[in-house]
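So the chains spell out like this:
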Amino acid sequence: MNKKKHEISDELLEQLLAMVEDPKELLGSEGLLRQLTARLVEKSLEAELGEHLGYEKGGSRLGENARNGSSSKTLLTGVGKVEVQIPRDREGSFEPQLVPKHQRRVEGFDERILALYGRGMSVREIQDYFKEAYGAEVSPTLISKVTDCVVADIDAWRSRRLDPIYPIVYLDGLVVKIRTDGTVQNRTVYVALGVNMAGVKEVLGLWIAGAEGAKFWLHVVTELRNRGVEDILIACVDGLKGFPEAIGAVYPATIVQLCIVHMIRNSLRTVAWNSRKALARDLKPIYVAATDSEALVALERFDAQWGAQYPSITKSWRSNWESVIPFFSFGPDIRRAIYTTNSIEALNSQLRKAVKPRGHFPSEEAALKVLYLALHHASRRWTSPIKDWPLALQQLAIYFPGRVNL
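Residues numbered from 1 in each chain as written. Predicted model: local features only at pLDDT ≥ 70, side-chain atom pairs only at ≥ 80, totals over all residues. Heavy atoms only, no water.

Right, let's get into the sheet that holds strand β3 (residues 165-180). As summarised here, the arrangement of the five strands in space is β5-β4-β3-β6-β7, forming an open sheet in which the pairing is mixed. Here the strands that pair on one side only, and so sit at the sheet edges, are β5 (201-209) and β7 (255-258). With direction set aside, neighbouring strand axes in the sheet form an average angle of 25°. In this structure, strand β4 (residues 183-195) lies alongside β5, joined through eight bridges in antiparallel fashion. Looking at the pairing, Val195 lines up with Lys201 of β5. Lying on the sheet, helix α17 (residues 364-379) is in contact with β3, β4 and β5; it crosses β5 at an angle near 165°. (Pairing = 2+ DSSP bridges. Helix = DSSP H or I, 4+ residues; strand = E, 2+ residues; numbered from the N terminus. Axes fitted to C-alpha atoms, helices over the stretch in contact; angles between N-to-C directions. Contact = heavy atoms within 4.5 Å.)

What follows is the structure in structure tokens.
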């Protein structure tokens, strides 16, 4: 096993721990950890000043400029508040890099605030967290200032250039409550999750809409086009209101596939608990059928069994049939790539966890900040292609000749 960078020896740890008689002396407000942090910062600043002046402390001065004492500063760090002495020079030309002038937070502190905010914690809850964990008083103004810095990142992220082709794009939404014109209203947040040519998932965009429809979807797909997406092979959506018309106007060759998992979930939504298991079992032959004709036979069989009790289920499958059947024309590897909704479901789960504690948001911008941070946190795990992607891509090249270059 490789040795960790800057690994601390057991001997040094034993020397430090020998100074501690009570656990509180290690992690408390005046504990060893905070003292070590302060001393490390001060030693680093002394080294910086030595490099600036051209001689180390206690050495021979090389020019007119020289050390000129120090000033006290309270820093907010990952281990809480620490008091450090900032060395000064006579000419006032020293600009510390570790702790720049006027900065009272060290690297990592802002990131911790953003991580907590992205998990749905309110400003008050973040304040309480830092107070309880580190004994640090963090003002609402500071938290707002840190989170407001995300707005520029969101704008850049939402306007970044995208790849020319995405074999599969999932479009899904969740409802959030946002205060608008003095009242709290339900708004839908739509997320576009693409699978790129390498088979790696990537969030393409984030939109907030009052109502779904052709005009809204046209805005979404036009934006994707303007940001560099020249082709989408398969678009998987959870609803169809206005979507086929909109995507057909911008990407006429794209196949629209209604999300099978959403169809199943919608089918089970109104079913009594004591009937769900049996109904789900009888529903399965429809979406695992080898061909669309076989699936239609399974649908007829399901209708004969459950149609009288739950007529809306069969009606839903029939009315959406044209957007369900593209699925059956693909081989098992492509089906698996389309059907595997772990990615979009896991993503939605992360977003719901971040949204739920808030109840409602005071503005769209506040909602976007939380959702963006939650997306950023979730996407850090997406480093590997989805399962069996090379096989799926080879088959996509055959199904879509001239549109996939291997």
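Okay, the packing of helix α10 (residues 260-268) against helix α13 (residues 311-319) next. Two elements in contact, α10 and α13, have axes separated by 9 Å at closest approach and are oriented at 160°. With respect to α13, the element α10 is oriented roughly antiparallel. As for how α10 packs across α13, the hand of that crossing is right-handed. Contacts from Met263, Ile264 and Ser267 in α10 reach Ile313, Ser316 and Trp317 in α13. (Parallel < 35°, antiparallel > 145°, perpendicular 65-115°, else oblique. Left-handed = near helix turned anticlockwise from the far one by under 90°.)

Overall, the prediction assigns the protein chain a mean pLDDT of 82, with 83% of residues at 70 or greater. Of all the helices and strands in the protein chain, helix α2 (residues 24-27) carries the lowest mean pLDDT, 58, while helix α12 (residues 292-306) carries the highest, 95. (pLDDT = per-residue confidence, 0-100.)

A few words on the environment of Lys101. Tracing the sequence through the fold places Lys101 in the loop between β2 (80-89) and α4 (109-118). C-alpha separation for the pair Lys101 and Ile86, spaced 15 residues apart in sequence, amounts to 9.7 Å. Discounting chain neighbours no more than four positions away, the residues touching Lys101 are Lys73, Gly92, Phe94, Glu95 and Pro96.

Among the nonpolar cores identified, the biggest contains 104 residues, and Ile234, Phe243, Trp317, Trp321 and Trp389 are the most heavily contacted of them. No other element matches the 10 residues that α17 contributes to this core. Once residues within four sequence positions are removed from consideration, Trp321 is found in contact with Ile286, Asp292, Ala295, Leu296, Leu299 and Phe328. Ala38, Val41, Leu75 and Val82 belong to the second largest nonpolar core, which has seven residues in total. (Core = buried A, V, L, I, M, F, W, Y, C linked by side-chain atoms within 4.5 Å. Buried < 20%, exposed > 50% of the residue type's maximum accessible area, 1.4 Å probe, protein only.)

A few words now on the packing of aromatic side chains. This model, assessed by the stated rule, comprises 10 aromatic pairs. Ring geometry for Trp217 and Phe243: centres 5.0 Å apart, planes at 85°, overall edge-to-face. With Trp217 in helix α8 (residues 214-226) and Phe243 in helix α9 (residues 243-250), the pair connects residues that are 26 residues apart, well separated along the chain. Like Trp217, the residue Phe243 is buried in the burial classification. For the ring pair Phe330 and Phe400, a centre distance of 6.4 Å and an interplane angle of 35° mean the geometry is tilted. (Phe/Tyr/Trp six-rings, centres within 6.5 Å; stacked < 30°, edge-to-face > 60°.)

Take the pattern of salt bridges next. Oppositely charged side chains can pair when the atoms bearing their charge come close. The tally for this structure, following the rule as stated, stands at 10 salt bridges. Salt-bridge contacts for Glu223 lead to Arg227; the nearest nitrogen and oxygen are separated by 3.5 Å. Here Glu223 matches Arg227 in class, with each residue buried. When the shortest N-O distance is used, the salt bridge between Asp388 and Arg336 registers 3.2 Å. Taken together, the residues span a long stretch of sequence, with Asp388 in the loop between α17 and α18 (389-399) and Arg336 in helix α15 (residues 332-339) at a distance of 52 residues. (Salt bridge = Lys/Arg side-chain N within 4 Å of Asp/Glu carboxyl O.)

We now examine the side chain of Ser267. Summarising the element assignment, Ser267 is placed in helix α10. Owing to a relative accessible area of 2%, Ser267 belongs among the buried residues under this scheme. Of the polar contacts made by the side chain of Ser267, one reaches the side chain of Trp317; its length is 2.8 Å. Contact partners of Ser267, with chain neighbours within four places excluded, come to Leu283, Ile313 and Trp317. (Polar contact = N/O pair within 3.5 Å; in protein donor to acceptor, adjacent residues only side chain to side chain.)

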